[in-house]
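Topology and contacts: notes
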Amino acid sequence: QVQLVESGGGLVQAGGSLRLSCAASRRILTFNTVGWYRQAPGKQRELVATITSSGSTNYADSLKGRFTISRDNAKNTVYLQMNSLKPEDTAVYYCNAMTVFYNYWGQGTQVTVSS
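Residues numbered from 1 in each chain as written. Predicted model: local features only at pLDDT ≥ 70, side-chain atom pairs only at ≥ 80, totals over all residues. Heavy atoms only, no water.

**A word on the pattern of salt bridges**
Counted according to the given criterion, the structure contains four salt bridges. When the shortest N-O distance is used, the salt bridge between Arg38 and Asp89 registers 2.9 Å. On the criterion of sequence distance, the pair formed by Arg38 in strand E4 (residues 33-39) and Asp89 in the loop between strand E8 (77-82) and strand E9 (91-98) is long-range, its members being 51 residues apart. Here Arg38 and Asp89 have matching classes, each one buried. When the shortest N-O distance is used, the salt bridge between Asp89 and Arg66 registers 2.8 Å. Separated by 23 residues along the polypeptide, Asp89 in the loop between E8 and E9 and Arg66 in the loop between strand E6 (57-59) and strand E7 (67-72) bring together distant segments of the chain. (Salt bridge = Lys/Arg side-chain N within 4 Å of Asp/Glu carboxyl O. Helix = DSSP H or I, 4+ residues; strand = E, 2+ residues; numbered from the N terminus. Buried < 20%, exposed > 50% of the residue type's maximum accessible area, 1.4 Å probe, protein only.)

**Points about the state of the cysteines**
Counted according to the given criterion, the structure contains one disulfide. The disulfide partner of Cys22 is Cys95, and the gap between their sulfur atoms is 2.0 Å. For the disulfide bridge between Cys22 and Cys95, the dihedral angle about the S-S bond is near -80°, and by the sign convention the bridge is left-handed. Pair noted here: Cys22 is in strand E3 (residues 18-24) and Cys95 is in strand E9, with a separation of 73 residues, a long-range link. Take Cys22: its relative accessible area is 1%, and that puts it in the buried class. A relative accessible area of 0% means that Cys95 is categorised as buried. (Disulfide = S-S within 2.5 Å.)

**Brief notes about the side chain of Arg66**
Since its relative accessible area comes to 13%, Arg66 is described here as buried. In this structure the side chain of Arg66 is engaged in a polar contact, spanning 2.9 Å, whose partner is the backbone oxygen of Ser84. Ignoring sequence-local partners within four residues, the contact set of Arg66 consists of Gln81, Met82, Asn83, Ser84, Leu85, Lys86 and Asp89. (Polar contact = N/O pair within 3.5 Å; in protein donor to acceptor, adjacent residues only side chain to side chain. Contact = heavy atoms within 4.5 Å.)

**Quick look at the packing of aromatic side chains**
Taken as a whole and judged by the stated rule, the model has four aromatic pairs. Centroid distance Tyr94 to Trp105: 6.4 Å. Interplanar angle 90°. Geometry classified as edge-to-face. One end of the pair, Tyr94, is in strand E9; the other, Trp105, is in strand E10 (residues 103-105), and 11 residues separate them in sequence. On the basis of relative accessibility, which here comes to 34%, the residue Trp105 falls in the partly exposed class. (Phe/Tyr/Trp six-rings, centres within 6.5 Å; stacked < 30°, edge-to-face > 60°.)

Quick look at the structure:
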């Protein structure tokens, strides 16, 4: 059973920064893709950013330039650096890891950006 544990969420003022962490219970390079999604109240879950086992990254167009995904293979951890945060970034942020056959989710971490 794979576990993904997110941390780093919280309350921040608009314009501030946060770094989210996702610690996996097994080597992250065994996943095809690891990434972040978010879900705001009343909205569908949406892609934030992903990183493949080869290191290729993908971002939601609206977040390019403000958010950066990275990983530490030795720590089996994926990070999401979020800068210049806006109130509309308020959401629960979920870590996701995919293989060919399975799709794993973390429990989510709340990010609240005050205006």
